[in-house]
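Residue-level listing of the chains:
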Amino acid sequence: MKILKYTFEVEINDEIFRDLVKPLVERLEATAVSLFLSENLSTKLATPFVYRPTVPSSGLWSLYGKTATAAEVICNEDNILILQNSRAGGRVRGLFGGLEPEKSSFEATAISRTLIDANHVLSLVSDAVYSSLSKAPPSDEIVNPDSFFFIKESCKTHAAYLRRLKDTSEYKMPSYDDEDLKLSKLLCKKEVQEFIFRIVQSRTLTEANFTQEVSAIDPAESLSNFLLASGFVIREAFVECRQNSQRIARFNSDDVTLDSLMIKCATCGRYYRDERIYSAFVASEKLKNLITSSRWMNVLVTDSLIQSGIPREFIYWNFSFGADEIDIVAFIDTLPWVFELKDREFSVTDAHHFNYRRSVIEPSQAFIVTSRSVSPDAKRVFEEISGRGDVGTILGSSPTLPYPNLIEGLQDLGGVLEKMVDSHFQTKVGAEIKSALGGIDRIISNVVLASVASEQKQRSVGE
Ligand SMILES: [Zn+2]
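Predicted, not measured: the structure shown is a model, and the values here were computed from it.

> What exactly am I supposed to notice about helix 4 (residues 115-132) here?
Side chains that are three or four residues apart share a direction in an α-helix, a result of its 3.6 residues per turn. Here helix 4 contains 18 residues, and its C-alpha end-to-end distance of 26 Å stays within 8% of the 26 Å for a straight helix at 1.5 Å per residue. Every buried residue belonging to helix 4 is among Leu 115, Ala 118, Asn 119, Val 121, Leu 122, Ser 123, Leu 124, Val 125, Ser 126, Ala 128, Val 129 and Tyr 130, and all of these are buried.

Dropping the structure here:
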């Protein structure tokens, strides 16, 4: 499920709301729930049919100081579209005692299989909105699905959220290729991780050492072929002085012809070609980039989020604000989720840093992903701050931060994240549908009452 939301800053009265639902139902070959229900019930009960969208009396909207005036849920096999018209202010006293001006807004939420589909649905809504208002749209992009207007708007909203936290905020967009992803997955195996870390840490690995170490990993041959073919590990030629065994030169390729090279060793005076020449393996820049600051874990978590349906465009890397940094911030249905990643044990110091960082960002969900484990002391810090467990909070203080989601070990990372994202969507989308259909009982009772009323009328005519 992909969710895109957009608030149209337009004045829509209930009559216009009714007018725009019908063309949308036709264009999407969909069913509008309250329209369908009242229409069918009216036909069955032989009462005159008047379409009235639901008018939620409470629900999510009241949380934002808004009063919903009309809502509808439109769905077909591939999409759900939730439309809510609302009024904010009016009866609310403003900051300086005066009445806030009454402001209407019309919010559309599209839930589709792909982000492009959701964007397409919203551009149809946009078209219907401006047609029923007999107004020209503010831009061509807003009604043209190929301009991906609503996806871009969501990205702008996320970027604005991150920038608002601190003036110095910075972030990167995820960047990795298929080979990075393949190696990151391989690094979930402890023995591969140890081997690769050793290649990066030691400046070179002789051919014999490399072969010996890689042979302990299953399947050795495919790993070693992959590392060389993808350019993570490169073979270089080294020249070593025969007198003092110091390395005096290295060449980027093992295919060097030294015969014509008239360079002598400064120590023993031999030509390079007469010194000891051997080839060895070194970590390439590409490999170092992936391993340093555990970027490979960014790749893994990002891939898992994408597999769970989160658009790549909604994922931000290395979000830094001041001296602090969060490895990944992802927006799940407009709400920020943060991820702190460690390819070592997550320590008590890490816990304090993380608590400060999330107190600034106030994410909807916080995750710690470690390839090892979270130390017992770090867990105690989280228990204290969340008021969970036997520890309780310091006398008189209330819990200030929720207990984070801990993912210790990477074997089932994808599965765990997918479950979290799924259950979030079920809860969130479920709540929105429920909120939008909040007044449906009134529609039913009106139609039922109308059937009796028309019977009474017929009877009085007959008398
Ligand atoms: Zn020498």
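> Whenever I open this one, the pattern of salt bridges confuses me. Can you help?
A side chain of one charge can pair with a side chain of the opposite charge when the charged atoms of the two come close. In this structure the tally under the stated criterion is 22 salt bridges. Of the charged contacts in the structure, one is a salt bridge between Lys 5 and Glu 432, with a shortest N-O distance of 2.6 Å. Taken as a pair, Lys 5 in strand 1 (residues 2-8) and Glu 432 in helix 14 (residues 413-436) lie far apart in primary sequence, 427 residues in all. Classification of Glu 432 by relative accessible area gives buried; the value is 7%. Note that Lys 286 and Asp 177 form a salt bridge whose closest N and O atoms lie 3.6 Å from each other. A residue pair is termed long-range when its members are at least 10 positions apart, and Lys 286 in helix 10 (residues 285-291) and Asp 177 in the loop between strand 6 (170-172) and helix 6 (178-186) qualify at 109 residues. You can call Lys 286 partly exposed: its relative accessible area is 24%. Each of Lys 5, Asp 333, Lys 428 and Glu 432 takes part in a single network of salt bridges with overlapping partners.

> How do you make sense of the coordination of the zinc ion when you look at a structure like this?
Of the protein atoms, only Cys 241 (SG), Cys 265 (SG), Cys 268 (SG) and Glu 275 (OE) coordinate the zinc ion, at distances of 2.0 to 2.4 Å. One can describe the donor arrangement at the zinc ion as tetrahedral, given that its four donor atoms subtend angles of 92 to 126° at the metal. Donor residues for the zinc ion sit on one chain with the sequence pattern C-x23-C-x2-C-x6-E. Of this pair, Cys 241 sits in the loop between strand 8 (233-240) and strand 9 (247-251) while Glu 275 is found in the loop between strand 9 and strand 10 (276-283), placing the two residues 34 residues apart along the sequence. The class for Cys 241 is buried, based on a relative accessible area of 1%. Relative accessible area serves as the criterion here: at 2%, Glu 275 is assigned to the buried category.

> What am I meant to see in the nonpolar core here?
Most often, soluble globular proteins have nonpolar side chains that are buried together. If you look at the biggest cluster of nonpolar residues, it comprises 115 residues, and the most contacted ones within it are Phe 8, Ile 74, Leu 81, Leu 83, Phe 106, Phe 195 and Phe 339. Top element by residues in this core is helix 4. It accounts for nine residues.

Criteria and cut-off values
- Residues numbered from 1 in each chain as written.
- Predicted model: local features only at pLDDT ≥ 70, side-chain atom pairs only at ≥ 80, totals over all residues.
- Heavy atoms only, no water.
- Helix = DSSP H or I, 4+ residues; strand = E, 2+ residues; numbered from the N terminus.
- Expected span 1.5 Å × (residues − 1).
- Buried < 20%, exposed > 50% of the residue type's maximum accessible area, 1.4 Å probe, protein only.
- Salt bridge = Lys/Arg side-chain N within 4 Å of Asp/Glu carboxyl O.
- Donors = N, O, S within 2.8 Å, 3.2 Å for Na, K, Ca; no water.
- Tetrahedral: all angles 85-135°; square planar, octahedral: opposite > 155°, others 65-115°.
- Core = buried A, V, L, I, M, F, W, Y, C linked by side-chain atoms within 4.5 Å.

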